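Structural description and commentary
Chain by chain, the residues:
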Amino acid sequence: MRDLSRLREDMKELERNMKQRLLAFLLRNGFTKPEKIRNWTPRHWNWLKELKFSHPIQQIVFQEYCDAVLDCEKKVAQAMAEIERALEHYSLAPVAKALMGLRGVDVTTAFTIVAELGDLSRFDSAAQLMAYLGLVPSEASSGAKTQRGGITKTGNGHVRRVMVEAAWSYRYYARMTQPILLRQKGLTPDICAISWEAQKRLSHRYRHLNNGGKRKTVVATAIARELSGFIWAIGCHMMGRPVGTPAVSEERVKAG
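All chains use their own residue numbering, which begins from 1 and follows the written sequence. Reporting in this predicted model follows two pLDDT cut-offs: at least 70 for local features of residues, and 80 or more for side-chain atom pairs to be given and counted; totals over whole chains, interfaces and linings ignore these cut-offs and use all residues. Hydrogen atoms and water are omitted, and side-chain values are computed over all heavy atoms in the structure.

Further remarks concern the pattern of salt bridges. The salt bridge definition used is simple: a Lys or Arg side-chain nitrogen within 4 Å of an Asp or Glu carboxyl oxygen. Applying the stated criterion to the full structure yields 13 salt bridges. A salt bridge links Glu13 to Arg16; the shortest N-O distance between them is 2.7 Å. Highlighted residues: Glu13 and Arg16, both in helix α1 (residues 2-28), separated by three residues, approximately one helical turn. The closest approach of N and O atoms between Arg225 and Glu226, which form a salt bridge, is 3.9 Å. Note on exposure labels: buried denotes an accessible area under 20% of the residue type's maximum, exposed denotes more than 50%, and partly exposed covers the range between, all computed with a 1.4 Å probe on protein chains only. Overall, the relative accessible area of 4% leaves Arg225 in the buried class. Each of Lys12, Glu15, Lys19 and Glu73 takes part in salt bridges that share partners, so that together they form one network. Elements are defined by DSSP. Helices are runs of H or I of four residues or more, strands are runs of E of two residues or more, and each kind is numbered from the N terminus.

Quick look at the packing of helix α7 (residues 157-167) against helix α10 (residues 216-238) now. In helix packing, the relevant descriptors are the interaxial angle and the interaxial distance, both defined with respect to the helix axes. Orientation is described by axes fitted as lines to C-alpha atoms, over the contacting stretch for helices, and by angles from 0 to 180 degrees between their N-to-C directions. Between α7 and α10, whose axes approach to 8 Å, the crossing angle comes to 105°. With respect to α10, the element α7 is oriented roughly perpendicular. On the side of α7, the interface is formed by Met163, Val164, Ala166 and Ala167, while α10 contributes Ala220, Ile223, Ala224, Leu227, Ser228 and Ile231. Under the scheme applied, nonpolar residues are Ala, Val, Leu, Ile, Met, Phe, Trp, Tyr, Cys and Pro; charged residues are Asp, Glu, Lys and Arg; polar residues are all the others, including Gly. For the contact of α7 with α10, the residue count by class is nine nonpolar, one polar and no charged. By the definition adopted for this analysis, an angle is roughly parallel if under 35 degrees, roughly antiparallel if over 145, roughly perpendicular if from 65 to 115, and oblique otherwise. Contacts are assigned to residue pairs with any non-hydrogen atoms lying within 4.5 Å of each other.

Look at Trp40: it is not a glycine, yet its phi comes out positive at around 65°. Here Trp40 lies in the loop between α1 and α2 (42-49).

A few words now on the environment of Met239. With respect to the helices, strands and loops of the structure, Met239 is situated in the segment after α10. Dropping the residues within four chain positions of it, Met239 is found in contact with Leu92, Val95, Asp119 and Ser121.

So, on to the packing of aromatic side chains. Within 6.5 Å between ring centres, the rings of Phe, Tyr and Trp (the latter by its six-membered ring) count as paired, and their orientation is classed by plane angle as stacked under 30 degrees, edge-to-face over 60, tilted in between. Under the definition given, this model contains seven aromatic pairs. Ring centres of Phe25 and Phe53 lie 5.5 Å apart, and the angle between their planes is 40°; on these two criteria the pair is classed as tilted. Of this pair, Phe25 sits in helix α1 while Phe53 is found in the loop between α2 and α3 (56-87), placing the two residues 28 residues apart along the sequence. Taking the relative accessible area as the measure of exposure, Phe25 reaches 6% and is therefore buried. For the cation-ring pair, Arg122 lies above Tyr132, with the distance from its terminal atom to the ring centre recorded as 5.7 Å. Two conditions define a charge located above a ring, namely a distance within 6 Å from the ring centre to NZ of Lys or CZ of Arg, and an angle within 35 degrees of the ring normal.

Bringing α1 into the picture now. Expected span of a helix, by definition, is 1.5 Å for each gap between consecutive residues, and there is one gap fewer than residues. Between its first and last C-alpha, α1 extends 39 Å over 27 residues, near the 39 Å set by a 1.5 Å rise per residue. Those residues of α1 that are buried lie in contact with α2, α3, α5 (107-117) and α7.

The criterion is simple. A nonpolar core is a set of buried Ala, Val, Leu, Ile, Met, Phe, Trp, Tyr and Cys residues joined through side-chain atoms within 4.5 Å. Within the largest apolar cluster, 52 residues are counted, with the highest numbers of intra-cluster contacts made by Leu99, Leu102, Ile113, Leu120, Met163, Leu227 and Ile231. Broken down by secondary-structure element, the contributors of at least two residues to this core are α3, α4 (93-99), α5, α6 (126-132), α7, α9 (189-211) and α10. Here the element with the most residues in this core is α10; it accounts for 11 residues. Non-local contacts of Ile113, meaning those with residues more than four positions away in its chain, are made with Leu99, Gly118, Leu120, Val159, Val162, Met163 and Ile231. By size, the runner-up hydrophobic cluster in this structure holds 16 residues, among which are Leu22, Leu26, Trp47 and Cys72.

Once that is clear, we can look at the packing of α3 against α5. Running from N to C, α3 and α5 cross one another at 60°; their axes reach a closest spacing of 11 Å. Overall, the two elements α3 and α5 adopt an arrangement that is oblique. In this structure, α3 crosses over α5, and the sense of that crossing is left-handed. Note on element contacts: α5 touches α3 through Val107, Thr108 and Phe111, opposite Met80, Ile83 and Leu87. Crossings are classed by handedness, with left-handed meaning an anticlockwise turn of the near helix from the far one by less than a right angle and right-handed meaning a clockwise turn.

Quick look at the environment of Gln20 now. Assignment of secondary structure puts Gln20 in helix α1. Counting along the chain gives 49 residues from Gln20 to Val69, while the straight-line C-alpha distance between them is 9.6 Å.

All right, on to a nonpolar patch on the surface then. Patches in this entry comprise residues that are over 30% relatively accessible and not in a salt bridge; like charges within 9 Å are linked, as are nonpolar side chains (Val, Leu, Ile, Met, Phe, Trp, Tyr) within 5 Å. Residue exposure ignores everything except the shown protein chains as possible cover, and the areas themselves are Shrake-Rupley values with a 1.4 Å probe. Together, Ile57, Ile60 and Val61 line one region of the surface with nonpolar side chains, adding up to about 250 Å² of accessible area. Among the residues examined, Val61 registers a relative accessible area of 31% and is labelled partly exposed.

It is worth stressing that arrangement in space is one thing and function is another; only the former is reported here.
So, in structure tokens, the structure goes:
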């Protein structure tokens, strides 16, 4: 399962890389899309199809870049289809589904977490999971003086990346949107309660840190750290180790 998760991640990275190369090629040749068109939407592709280059070699290069992007998108879609099929028979599929009750945690994020970490109840505490993911501040001590630095970035970087991505969704006010309600269908009241508690706390926490002048990347990292605590609580609950809502430290995270 871990290999499948990393395959999808690698294919997504190739897709991002090819898209960047195509956009760079267009800029070098003086093509800039209209401001109202968002990248990689149907309108954007329609605009790309209309482009004509003065030299035939440039037209060939442009077409090869476009084909490469489409091929990468196809491979990402195929990897996602394999993930969805694998979840039908995966022993930790119930845990993944429970994690999807959290805001910002979709199929990809939940599958990455369970595939990389396995049984979340093997961690003795939420703090231990946070440390394992490298989401806690580094520390330099000298005598009575303690100085905190950026996060340690130790442990599993694959999970840390999807956690930070999920954290950005908490910049919005807490509310039960239709996609969240659909993902929570069939989940127990206890799991839904943890999810709602996470929304209320993390949405408030995001605004508090953001209004305090913290850089947005630092705020997202802090939210990811606390989100991992709620993920640990859900994982333990699903494995028969109820812990309730995790007590998460108010300590600020200072990143780089």
